[in-house]
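# Coordinates in review
The lines below spell out each chain.
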Amino acid sequence: MTAISKNDTGASTVIEDNVATRVLSVGIVGAGEIVSRIHLPVLTACEGICVTYIADKNPEAAKSVAGHYKLASFCIADSLERLPYSDVVLLAVPVTARLPYYELFASRGTCVLAEKPLAACAADAERICDLYPEFSLACGFQRRSYASVTLAKLLVAEKWFGPLRSVSASEGAVTTKTGADSRFYDDATSGGGGVLMDLGCHSIDTAIYVSNAIDAIPTEQRFVYDGGVDRELEARLTLRTPDGSCPLDYLVTWLRPAKNTIELRFDHCTVALPCQPAGDLEILGGGNGRTTPVLTMKKQSGAASVYQAFYLEWMEFLAGVRSRQASRFSARSCLPTIRAVEALYRAGNRLP
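Residues numbered from 1 in each chain as written. Predicted model: local features only at pLDDT ≥ 70, side-chain atom pairs only at ≥ 80, totals over all residues. Heavy atoms only, no water.

### What to know about the overall build of the protein chain
From N to C terminus, the protein chain includes 9 helices and 16 strands. In the protein chain, which comprises 352 residues, the share counted as buried stands at 50%. Residue pairs at least 24 apart in sequence account for 65% of intrachain contacts in the protein chain once pairs closer than 6 positions are excluded. Looking at the protein chain as shown, the accessible area adds up to about 15,300 Å², and 52% of this sits on carbon and sulfur atoms. (Helix = DSSP H or I, 4+ residues; strand = E, 2+ residues; numbered from the N terminus. Buried < 20%, exposed > 50% of the residue type's maximum accessible area, 1.4 Å probe, protein only. Contact = heavy atoms within 4.5 Å. Areas by Shrake-Rupley, 256 points an atom, 1.4 Å probe, with all protein chains shown as cover.)

### What about the state of the cysteines?
In total, this model carries 0 disulfides according to the counting rule given. Among the cysteines around Cys-334, which has no disulfide bond, Cys-139 carries the closest sulfur, lying 4.5 Å off. Note on Cys-334: relative accessible area 0%, which makes it buried. (Disulfide = S-S within 2.5 Å.)

### Some words on the side chain of Ser-166
Locating Ser-166 in the fold gives a position in strand 9 (residues 166-172). The exposure class assigned to Ser-166 is buried, which follows from its relative accessible area of 14%. Those residues within four positions of Ser-166 in sequence are excluded, and the remaining contacts are Cys-246, Pro-247, Glu-263, Leu-264 and Arg-265.

### A closer look at helix 3 (residues 99-108)
Residues of helix 3 that are buried: Tyr-101, Tyr-102, Leu-104, Phe-105 and Arg-108. Projected down its long axis, helix 3 shows its buried positions confined to an angular sector of 165 degrees, all on one face. Where helix 3 terminates, the next one or two residues include Gly-109, which has phi positive at roughly 75 degrees. (Arc of directions from axis to C-beta.)

### Structural notes on the sheet that holds strand 6 (residues 88-91)
An order of 5-4-3-6-7-8 is seen for the 6 strands of this open sheet, with the pairing classed as parallel. A strand with exactly one partner marks an edge of an open sheet, and here the two such strands are strand 5 (72-75) and strand 8 (137-139). Ignoring strand direction, the axes of neighbouring strands in this sheet form an average angle of 20 degrees. Along the sheet, helix 8 (residues 306-323) makes contact with strand 3 (24-29), strand 4 (49-56), strand 6, strand 7 (111-114) and strand 8, crossing strand 7 at roughly 160 degrees. (Pairing = 2+ DSSP bridges. Axes fitted to C-alpha atoms, helices over the stretch in contact; angles between N-to-C directions.)

### Some words on the nonpolar core
Note that soluble globular proteins tend to have their nonpolar side chains buried in a common cluster. The biggest cluster of nonpolar side chains holds 75 residues, and the ones touching the most others in it are Val-29, Phe-105, Leu-118, Tyr-250 and Leu-264. With 10 residues, helix 7 (residues 195-211) is the single largest residue contributor to this core. Residue contacts for Tyr-250: discarding those within four places in its chain leaves Ala-169, Leu-196, Gly-200, Cys-201, Ser-203, Ile-204, Leu-233, Glu-234, Ala-235 and Leu-237. By size, the runner-up hydrophobic cluster in this structure holds 30 residues, among which are Val-51, Ile-54, Val-88 and Phe-135. (Core = buried A, V, L, I, M, F, W, Y, C linked by side-chain atoms within 4.5 Å.)

### Re the confidence of the model for the protein chain
Averaged over every residue, the pLDDT of the protein chain is 88; the share at 70 or more is 84%. Segment residues 176-191: pLDDT under 50, and 33 contacts once partners within four positions in sequence are set aside and those in other chains are kept. (pLDDT = per-residue confidence, 0-100.)

### Regarding the packing of helix 4 (residues 122-130) against helix 9 (residues 335-347)
It is at 9 Å that the axes of helix 4 and helix 9 come closest, and there the two elements cross at 160 degrees. Between helix 4 and helix 9, the crossing angle belongs to the class labelled roughly antiparallel. The element helix 4 and its partner helix 9 pack so that their crossing is right-handed. Along its contact with helix 4, which presents Ala-122, Ala-125, Glu-126 and Cys-129, the element helix 9 presents Leu-335, Ile-338, Arg-339 and Glu-342. (Parallel < 35°, antiparallel > 145°, perpendicular 65-115°, else oblique. Left-handed = near helix turned anticlockwise from the far one by under 90°.)

### A word on helix 4
Those residues of helix 4 that fall on the buried side of the exposure criterion are Ala-122, Ala-125, Ile-128 and Cys-129. The arc that holds the buried residues of helix 4, viewed along the axis, is 125 degrees, so those residues lie on one side. The exposed set on the far side of helix 4, more than 90 degrees from its buried face, consists of Ala-123 and Asp-130. Next to the buried residues of helix 4 lie helix 3, strand 8 and helix 9.

Here's what the structure looks like:
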């Protein structure tokens, strides 16, 4: 990994350093609830790093969050160049405001873990990925670290029950948000999007990741909008996998209860995994047109809680930074998810 510094004349100097052994500095851009409630508690538990600053366009928010952890705070002013140098940055600002930060940090040789989604459209996401070595840019689809997801991906890849025939995903509840500032999700102009961008992209990513799909192409979709905010989506997509295509039936909603499971269907059984980190995989056998529980598969290694999921995401990403090896959270590996979300919004004639 390289760092870039400037001497007294303003000339840039590329400095090689031994990232594999030294403590990595981590800066945080964005002082929202996801940072204060989850990322900072997790980062303080990570070894081999030092969080150095928190920056936000709201100086009071930056000071408040930074004060709890005795960190330096910065107001994001007109010149982003004033942001301190660091080895790694957590980027947690609205997606529509991110491009200048990606460009700045790429020019500095700074590695970035971006809160999902990486970008609002696939063209921007691909352009951003091209700015970075694959190991140095990650996207926060932390469900990939769930123990149940790890096991599900293994059984699909190794064909424990034969080829995967279809997938269904159902997630949501009667609510207006998923634990973050409701103003962010209730305002379509904020860059947050609605239920698909906030919640649904996680289950789409899980389906793509578990099935090892290279694309998820919408064939049918029905959005329910409240003003400019999507509150529910029912859709059918085609997953293009190395073993052929299979359908994905998909529901994400803030308007009604949902099953909150992802079901993987094979010729003679169905594997059900929860959308939450806790819970085991259930194997359901078919009979008389019904599915009945046959056995439960206990989780292997992986996250069993939200905090564990974020911790594993950070530790794997940082290990990849040190070894210069891409992790399973690499931004480039998330491009099929970003393309699918964009295609769904485009098919619904409304982009966030």
